[in-house]
Amino acid sequence: MSAEDVELIYPSKSNYQDLFGSGDCNIRAIEERYGVNVVCRDGAVKIIGEKSSTKKAARIITEMDELIASGTHVDEHTLSSALDYLESGGSGVSVGFDTIVLNAKGRQIRPRSLGQCFYLAAIKENDVVFSIGPAGTGKTYLAVAFAVSALKAKAFQRIILCRPAVEAGESLGYLPGDLKDKVEPYFRPLYDALFDTLGHEKLAKFQENGVVEVAPLAFMRGRTLANAFIILDEAQNTTSRQMKMILTRLGHGSKMVITGDVTQVDLPKSEQPGLNEIETILSNIDGVEFVRLTSRDVVRHRLVQDIINAYVNHGS
């Protein structure tokens, strides 16, 4: 057995309680991952173990210190994703998990998993991005946050969000009200993300001025969407014809993000979802990227990840 090596680091940007986590859970996770012992003595963090392991542990602790100091709450999920990110060759957690935008209350919106980091990198580098994954992985929310950030930076003149108005096993046709009243429930997740990132007053102003538009997918037919950040949500409920229609709306100076969960299709069985075949059709086109998120990227209640995995194991 090789001799022990001791690595000393001196976190100065955050406090030890946040760094170590509740019940030292963050440090325990690092110890288990790298087979080291971590202690805090005389104002310094001491890492005891083999040289290569102590260096890896020291790097992640330093990175966590940077994240906490910048306002990010490091929980078990964030730490696990940060470890995966660094071991996959990421240049630094503070870069990969960088702030996208501040929400309406001034809170930093950041990716919280390795998959989300790759997702945002794909949006930055490509004009058309497909994000495919289960519920709770931040597909829509992160796309809206990126769109708002780009709008504030004046990279785009407007944001256009659309969804196919397909009933998810429920009938809304006999509900009272006009067309707007009937379809609005379909767009509630989009509005929730917009409210969080922009606030109610600014969103209302942007909608009045045509800077932000939320509309059914069918309303996109015949249009050319230029200088816009376009988000198609719930794309698993688009038909092949609808998918071709929205993709061919892309105008100059625009970017499009298409999100969907192939396990939650609400189309009639006679209809082929456009999302199921699109990767085969577009896989060789430069500027089009496909990102697949998994249960590891779920950022909702901890049980959501277990529920998704249980359905996968059941074959549902």
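Residues numbered from 1 in each chain as written. Predicted model: local features only at pLDDT ≥ 70, side-chain atom pairs only at ≥ 80, totals over all residues. Heavy atoms only, no water.

Asker: Describe the overall build of the protein chain, listing the residues and the values that go with them.
Answerer: For the protein chain, the helix and strand inventory stands at 13 helices and 11 strands. For the protein chain, long-range pairs separated by at least 24 residues make up 71% of all intrachain contacts whose partners lie at least 6 apart in sequence. (Helix = DSSP H or I, 4+ residues; strand = E, 2+ residues; numbered from the N terminus. Contact = heavy atoms within 4.5 Å.)

Asker: Mind laying out the side chain of Asn126, listing which residues take part and the relevant values?
Answerer: Turning to its location among the elements, Asn126 is positioned in the loop between α6 (114-125) and β6 (128-132). By relative accessible area, which is 10% here, Asn126 ends up buried. (Buried < 20%, exposed > 50% of the residue type's maximum accessible area, 1.4 Å probe, protein only.)

Asker: Give a description of the packing of aromatic side chains that names residues and reports values.
Answerer: One pass over the structure, following the stated rule, counts four aromatic pairs. Here Phe146 and Phe229 contribute two aromatic rings whose centre-to-centre distance is 5.9 Å and whose plane-to-plane angle is 35°, an arrangement assigned as tilted. Placement of Phe146 in helix α7 (residues 139-152) and of Phe229 in strand β9 (residues 228-232) is noted, with a sequence separation of 83 residues between them. Residue Phe229 is classed as buried on the basis of its relative accessible area of 0%. Aromatic rings pair up to connect Phe146, Phe156 and Phe229 into one cluster. (Phe/Tyr/Trp six-rings, centres within 6.5 Å; stacked < 30°, edge-to-face > 60°.)

Asker: Outline empty space enclosed by the protein, supporting the account with residue identities and numerical values.
Answerer: Under the criterion given, the structure shown has one cavity of 30 Å³ or more. Of the volumes computed, that of the largest cavity is approximately 30 Å³. As for the largest cavity, its lining consists of Leu19, Asn26, Ile27, Ile30, Ile61, Met64, Val74 and Leu79. Take the lining of the largest cavity: its biggest share by element is three residues, from helix α2 (residues 25-34). Of the residues that constitute the lining of the largest cavity, the class distribution is seven nonpolar, one polar and no charged. (1 Å grid on protein atoms, 1.4 Å probe; cavity = no way out; pocket = protein on both sides within 12 Å on 5 of 7 lines; lining within 4 Å. Points joined across faces, edges and corners; volume = space filled by probe spheres on them. Nonpolar A, V, L, I, M, F, W, Y, C, P; charged D, E, K, R; others polar.)

Asker: Describe in detail α7, supporting the description with residues and values.
Answerer: Here α7 spans 20 Å end to end across 14 residues, near enough to the 20 Å set by a 1.5 Å rise per residue. For α7, the tally of buried residues reaches 11 of 14 residues, placing the bulk of the element in the interior. Restricting attention to buried positions, one finds in α7 the residues Lys139, Thr140, Leu142, Ala143, Val144, Ala145, Phe146, Ala147, Val148, Ala150 and Leu151. Backbone geometry just downstream of α7 places Lys154 in the positive-phi region, at approximately 65°. (Expected span 1.5 Å × (residues − 1).)

Asker: Residues and numbers for the packing of helix α9 (residues 188-198) against helix α10 (residues 200-208), please.
Answerer: Where α9 contacts α10, the axes come no closer than 7 Å and their chain directions differ by 115°. Of the possible angle classes, the one that applies to α9 and α10 is roughly perpendicular. At the point where α9 passes α10, the crossing takes the right-handed sense. For the pair formed by α9 and α10, the contact residues are Tyr191, Leu194, Phe195 and Leu198 on the first element and His200, Lys202, Leu203, Phe206 and Gln207 on the second. (Axes fitted to C-alpha atoms, helices over the stretch in contact; angles between N-to-C directions. Parallel < 35°, antiparallel > 145°, perpendicular 65-115°, else oblique. Left-handed = near helix turned anticlockwise from the far one by under 90°.)

Asker: An account of the pattern of salt bridges is needed here, citing residue identities and associated values.
Answerer: In this structure the tally under the stated criterion is seven salt bridges. Residue Arg28 is joined to Asp24 by a salt bridge in which the shortest nitrogen-to-oxygen separation is 3.4 Å. Taking relative accessible area as the criterion, Asp24 reaches 28% and is therefore assigned partly exposed. Shared partners join several salt bridges into a network, and the residues in it are Asp24, Arg28 and Glu31. (Salt bridge = Lys/Arg side-chain N within 4 Å of Asp/Glu carboxyl O.)

Asker: If you had to explain the sheet that holds strand β7 (residues 158-163) to someone new, which residues and values would you point to?
Answerer: Judged by pairing direction, the sheet is parallel, and its six strands sit side by side in the order β8-β7-β9-β10-β6-β11 without closing on themselves. On the outer flanks of this sheet lie β8 (212-216) and β11 (288-292), each paired with one strand and no other. Across the sheet, the axes of successive neighbouring strands diverge by a mean angle of 15°, strand direction being ignored. Sheet strands touched by α7: β6, β7, β9 and β10 (255-260). Its angle to β9, the strand with the most contacts, is close to 170°. (Pairing = 2+ DSSP bridges.)

Asker: Explain the sheet that holds strand β1 (residues 5-9) residue by residue, including any values.
Answerer: Sheet architecture is open: three strands sit in the order β1-β3-β2, paired in antiparallel fashion. If you trace the sheet from one side to the other, it starts and ends with β1 and β2 (37-41), each paired once. In this sheet, neighbouring strand axes are inclined to one another by 25° on average, regardless of whether the strands run parallel or antiparallel. In terms of strand pairing, β2 meets strand β3 (residues 44-49) through five bridges, oriented antiparallel. If you follow Cys40 over to β3, its bridge partner there is Val45.

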